[in-house]
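What follows is the residue order along each chain.
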Amino acid sequence: MNSMIKVNAILFLVFSMIYFIDISPVRAEKDIVIEQRINLMRTDVLVNFRVIKAFVKEGKGSIEEVSAAAKVLAAAADKFLPLFVKGTGRPDVNETKTRSIQEIWDEWPTFEKANDAMRRNANNIVRQASEGLTDELEQTFVLLGKEACRTCHKQFRGPKAN
């Protein structure tokens, strides 16, 4: 009888521990990674993309500002891939938290290629800006949008959550 009580008590403790294990640190880590990549996109990529776009499309700003913005874009490309940890996209994460979709991980080489295109084109813009090659810079800016931005956003980004 005593051994039966001990076994039941142990089983109760084991199941209680399993039931009450807090998995929130794993969830918190995912949320942090998602937040970091959203911040990187908004602060380093979008802001600097707009600087280059304003120069190319409207003649606003200076060639030095374009060069500085392109350097930030190239550096952002070095930070992106580590922020796309498997399990931090849809359907693993609620669609209100991220627009990243499973195709990123299913087609990782294509995703890497788009990231490499961002780095390569941004570095080319830096070089072209330093050499005053504005016509070439404009062409490279188009390639940046086409090979990097558009590829990722069309193929690897889901619709906005309702």
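Residues numbered from 1 in each chain as written. Predicted model: local features only at pLDDT ≥ 70, side-chain atom pairs only at ≥ 80, totals over all residues. Heavy atoms only, no water.

## Quick word on the overall build of the chain
So, step 1. Secondary structure summary: the chain contains six helices and zero strands in total.
So, step 2. For the chain, the α and β elements follow one another from N to C terminus as α-α-α-α-α-α.
So, step 3. Expressed as a percentage of contacts within the chain between residues at least 6 apart in sequence, the contacts between residues at least 24 apart total 71%.
So, step 4. With an accessible surface of roughly 10500 Å², the chain has 59% of that area assigned to carbon and sulfur atoms. (Helix = DSSP H or I, 4+ residues; strand = E, 2+ residues; numbered from the N terminus. Contact = heavy atoms within 4.5 Å. Areas by Shrake-Rupley, 256 points an atom, 1.4 Å probe, with all protein chains shown as cover.)

## A look at the pattern of salt bridges
So, step 1. As enumerated under the stated definition, the model contains seven salt bridges in all.
So, step 2. Two residues, Arg119 and Asp116, come together in a salt bridge whose shortest N-O distance is 3.0 Å. Pair noted here: Arg119 and Asp116 are both in helix H5 (residues 108-130), with a separation of three residues, about one helical turn.
So, step 3. Owing to a relative accessible area of 24%, Arg119 belongs among the partly exposed residues under this scheme.
So, step 4. The exposure class of Asp116 is partly exposed, given its relative accessible area of 36%.
So, step 5. Connected via shared salt-bridge partners are Asp78, Asp116 and Arg119. (Salt bridge = Lys/Arg side-chain N within 4 Å of Asp/Glu carboxyl O. Buried < 20%, exposed > 50% of the residue type's maximum accessible area, 1.4 Å probe, protein only.)

## Brief notes about the environment of Leu133
So, step 1. Tracing the backbone shows Leu133 in the loop between H5 and helix H6 (134-155).
So, step 2. Sequence separation between Leu133 and Ile63 is 70 residues; the distance between their C-alpha atoms is 9.7 Å.
So, step 3. Residues contacting Leu133, with those up to four places away along its chain left out, are Arg127 and Gln128.

## Here we look at the environment of Ala69
So, step 1. One can find Ala69 in helix H3 (residues 63-80).
So, step 2. Residue classification places Ala69 among the buried positions, given a relative accessible area of 2%.
So, step 3. Residues Ala69 and Ala122, 53 residues apart in the sequence, show an inter-C-alpha distance of 8.6 Å.
So, step 4. Ignoring anything within four residues of it in the chain, the contact list for Ala69 reads Asn48, Val51 and Ile52.

## Brief notes about H3
So, step 1. Relative to the 26 Å expected for 18 residues at 1.5 Å per residue, H3 spans 26 Å between its end C-alpha atoms, a close match to the ideal helical length.
So, step 2. For H3, the complete set of buried residues consists of Ile63, Val66, Ser67, Ala69, Ala70, Leu73, Ala74, Ala76, Ala77 and Phe80. (Expected span 1.5 Å × (residues − 1).)

## Thoughts on the packing of H5 against H6
So, step 1. Close contact between H5 and H6 brings their axes to 9 Å; oriented N to C, the two are set at 160°. Judged by the inter-axis angle, H5 sits roughly antiparallel to H6. Two packed elements cross with a definite hand, and for H5 against H6 that hand is left-handed. Between H5 and H6, the contacting residues are Thr110, Phe111, Ala114, Ala117, Met118, Arg120, Asn121, Asn124, Ile125, Gln128 and Ala129 on the first element and Glu136, Leu137, Thr140, Phe141, Leu143, Leu144, Glu147, Ala148, Thr151, Cys152 and Gln155 on the second. (Axes fitted to C-alpha atoms, helices over the stretch in contact; angles between N-to-C directions. Parallel < 35°, antiparallel > 145°, perpendicular 65-115°, else oblique. Left-handed = near helix turned anticlockwise from the far one by under 90°.)

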